[in-house]
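Structural overview
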Protein chains: 2
Amino acid sequence: MNIGPYSYEDFLVTIKDFHGNIAPGIIAGGIMVDIARANLPAGEFFDVICETGHCLPDAVQILTPCTIGNGWLKIVDTSRYALTFYNKYTGDGTRVFLDAGKLGDWHCIRAWFLKDKPKKEQDFEGIIDEFRRAGTSIYSIKKVKVKPTYISSAKKKSSQVGLCPSCGEAYRTSLGKTCSACQGLGPFID
Amino acid sequence: MNIGPYSYEDFLVTIKDFHGNIAPGIIAGGIMVDIARANLPAGEFFDVICETGHCLPDAVQILTPCTIGNGWLKIVDTSRYALTFYNKYTGDGTRVFLDAGKLGDWHCIRAWFLKDKPKKEQDFEGIIDEFRRAGTSIYSIKKVKVKPTYISSAKKKSSQVGLCPSCGEAYRTSLGKTCSACQGLGPFID
């Protein structure tokens, strides 16, 4: 099977280059991206929501124009292994998820997906082989409508920038009188 | 000047390939990644925090092994244009930020960074040229210590997975009796 423009083997190499290791979740993610694309209206521009930050977003970044830095990819963590391609103006989307109810015969994938075994006891080669043989059979599709907060508004206002009177750095003034780091919400110990 | 393994021109092409357009912020981000790396202890493994989700994370994903999907890149949105490379075990880090106080002579960059002009009135070619000529002179560095929540614990427990009794999908059972989507926190309209 192919994944995006890659042969299965080439996709594994591409995963390793971008992600650092051949994470099984990105193989699944690549197949899920292909399923979503095949179910989109032709020629439609789309944004993507991943429902987990683990692995799946990297499949999207490898295979689509959507990245975390260009804003076309969003992570809304429900912890489910699912992605949604949606029309950014209407919110109409196609959600694809790895379906636990379809994993009956795929023991290696099941042990990995449901964490039936500790990671070091997982059969890594078996998982990769099963993902190839299972093809698209272990995923399900659902039509969804995303919440308005994820839809582009034509009248979206650009945020104002000012200098934080506390740290002196540029920040979105809509956040308050100081930047959020100076409000104690930053990642550092003072 | 070079950015990572790229000539300045080749980096612009790489930005376009990954991000979709030559966003000025990623040029700045690439230079910031190089500054951070040059100030790290030799051979150290690092994680990265970006303080904005706009553009900057893509510079990190293009130039380092850290991606949003492998967890080595985190976004903690303070809205400041800053990134921190840090030791994931000690939390000791090097923070690099685009320093508004150093933009005096760089009018195109200033107009872009502080949003002095609407986007359509920005001098895009001027910004790119100024970033090249300004080199590393418009950034500042600070040693920081990141909060414990961003530090890897050797005893980190793997989360348990179960099937949500409401939607039937696999989820982290630590989230509650149902997955967060079934608690109303998902991205979809029911």
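Definitions and cut-offs
- Residues numbered from 1 in each chain as written.
- Chains lettered and ligands numbered in written order.
- Predicted model: local features only at pLDDT ≥ 70, side-chain atom pairs only at ≥ 80, totals over all residues.
- Heavy atoms only, no water.
- Helix = DSSP H or I, 4+ residues; strand = E, 2+ residues; numbered from the N terminus.
- Buried < 20%, exposed > 50% of the residue type's maximum accessible area, 1.4 Å probe, protein only.
- Contact = heavy atoms within 4.5 Å.
- Areas by Shrake-Rupley, 256 points an atom, 1.4 Å probe, with all protein chains shown as cover.
- Lys, Arg positive; Asp, Glu negative; His and termini not counted.
- Charge placed at Lys NZ, Arg CZ, Asp CG, Glu CD.
- Buried area = accessible area lost by both parts, 1.4 Å probe.
- Salt bridge = Lys/Arg side-chain N within 4 Å of Asp/Glu carboxyl O.
- Pairing = 2+ DSSP bridges.
- Axes fitted to C-alpha atoms, helices over the stretch in contact; angles between N-to-C directions.
- Parallel < 35°, antiparallel > 145°, perpendicular 65-115°, else oblique.
- Nonpolar A, V, L, I, M, F, W, Y, C, P; charged D, E, K, R; others polar.
- Domains from an automatic or database assignment.
- Least-squares fit on C-alpha atoms with pLDDT ≥ 70 in both.
- Core = buried A, V, L, I, M, F, W, Y, C linked by side-chain atoms within 4.5 Å.
- Polar contact = N/O pair within 3.5 Å; in protein donor to acceptor, adjacent residues only side chain to side chain.

**With respect to the overall build of chain A**
Scanning chain A for helices and strands turns up 6 helices and 9 strands. Per-residue burial for chain A yields a buried fraction of 53% across its 190 residues. Taking as baseline every contact in chain A between residues at least 6 positions apart, the subset at least 24 positions apart corresponds to 61%. Summed over all atoms, the accessible surface of chain A reaches about 9,100 Å², with 53% contributed by carbon and sulfur. Of note, chain A has its 23 positive side-chain charges centred 10 Å away from the centre of its 20 negative side-chain charges.

**Regarding the interface of chain A and chain B**
In many reports, interface size means the accessible area that the parts give up when they come together. Across the contact, 54 residues belong to chain A and 54 residues belong to chain B. Taken together, the two surfaces of chain A and chain B that pack against each other cover about 4,500 Å², and 57% of this comes from carbon and sulfur. Per-residue buried area on chain A facing chain B is highest for Arg80(A), Pro187(A) and Phe188(A); these three make up 16% of the total on that side. Here chain A and chain B share 6 salt bridges between them.

**Overview of the sheet that holds strand 4 (residues 73-75) of chain B**
The pairing of strands in a sheet comes from backbone hydrogen bonds and takes either a parallel or an antiparallel form. Residues and elements named next belong to chain B. Spatially, the 5 strands line up as an open sheet ordered 4-3-5-6-7, and their pairing is mixed. Two strands close off the open sheet at either side, each with one partner strand: strand 4 and strand 7 (139-145). Taking the axes of each pair of neighbouring strands and ignoring which way they run, one obtains an average angle of 20° across the sheet. Here 5 bridges tie strand 5 (residues 82-86) to strand 6 (residues 92-98), and the two strands are oriented antiparallel to one another. In the sheet register, Phe85 faces strand 6, and the bridge partner there is Thr94. Against the sheet, helix 2 (residues 24-38) touches strand 5, strand 6 and strand 7, its axis set at about 30° to strand 5.

**Let's talk about the packing of helix 1 (residues 8-19) of chain A against helix 3 (residues 56-63) of chain A**
All names here are of chain A. Orientation of helix 1 relative to helix 3, taken along the N-to-C sense of each, is 110°, at an axis distance of 11 Å. One way to sum up the angle between helix 1 and helix 3 is to call them roughly perpendicular. Only Asp58, Gln61, Ile62 and Leu63 of helix 3 make contact with helix 1, whose side of the interface consists of Phe11, Thr14, Ile15, Phe18 and His19. Here the residues of the contact of helix 1 with helix 3 sort into 5 nonpolar, 3 polar and 1 charged.

**Here we look at the domain arrangement of chain A**
In terms of domains, chain A is made up of domain 1 (2-150) and domain 2 (157-190). Between the C-alpha centres of domain 1 of chain A and domain 2 of chain A the distance comes to 35 Å.

**Quick notes on helix 5 (residues 124-134) of chain A**
Among the residues of helix 5 of chain A, Gly126(A), Ile127(A), Ile128(A), Glu130(A), Phe131(A) and Ala134(A) are the ones counted as buried. The first or second residue beyond helix 5 of chain A is Gly135(A), which carries a positive phi of 55°.

**Points about the relation of the copies chain A and chain B**
Superposition record for chain A on chain B: RMSD 0.0 Å, screw rotation 180°, translation along axis 0.0 Å. Here the copies are linked by what is in effect a two-fold axis. In terms of proximity to the rotation axis, the leading residue of chain A is Ile68(A), whose C-alpha is 3.7 Å off the axis. Most of the interface of chain A is mirrored in chain B, where 100% of its interface residues again form contacts.

**Quick word on the nonpolar core**
Ranked by size, the top nonpolar core spans 96 residues in total, and within it Leu83(A), Phe131(A), Tyr139(A), Leu83(B), Phe131(B) and Tyr139(B) carry the most contacts. Beyond its immediate stretch of four places on either side in the chain, Phe131(B) contacts Met1(B), Tyr8(B), Pro24(B), Ile27(B), Ala28(B), Ile31(B), Ile109(B), Trp112(B), Ile138(B) and Tyr139(B).

**Some details on helix 3 of chain A**
Most of helix 3 of chain A sits inside the fold, with 8 of its 8 residues counted as buried. Along helix 3 of chain A, the residues that are buried comprise Leu56(A), Pro57(A), Asp58(A), Ala59(A), Val60(A), Gln61(A), Ile62(A) and Leu63(A).

**Observations regarding the environment of Ile62(B)**
Residue and element names in this part refer to chain B. With respect to the element layout, Ile62 can be found in helix 3 (residues 56-63). The exposure class assigned to Ile62 is buried, which follows from its relative accessible area of 16%. Between the C-alpha atom of Ile62 and that of Thr14, which follows or precedes it by 48 residues, the distance is 8.0 Å. Ignoring any residue separated from it by four or fewer positions in sequence, one finds Ile62 in contact with Tyr6, Phe11, Thr14, Ile15, Phe18 and Ile26.

**Re the environment of Asn39(B)**
Residue and element names in this part refer to chain B. If you trace the backbone, Asn39 turns up in the loop between helix 2 and strand 3 (47-50). The spacing of Asn39 and Phe85 is 46 residues in sequence and 9.3 Å in space, taken between C-alpha atoms. Non-local contacts of Asn39, meaning those with residues more than four positions away in its chain, are made with Thr94, Ile141 and Lys143. Engagement of the side chain of Asn39 in a polar contact is seen with the backbone oxygen of Ile35, the distance being 2.8 Å.

**Some remarks on the pattern of salt bridges**
Side chains that differ in charge, positive against negative, can pair when their charged atoms come close. Tallied over the full model, the rule gives 20 salt bridges over all chains. Note that Lys88(A) and Asp47(A) form a salt bridge whose closest N and O atoms lie 3.1 Å from each other. Of this pair, Lys88(A) sits in the loop between strand 5 (82-86) and strand 6 (92-98) while Asp47(A) sits in strand 3 (residues 47-50), and the two are 41 residues apart along the sequence. Between Arg95(A) and Glu169(B) there is a salt bridge; the shortest N-O distance is 2.7 Å.

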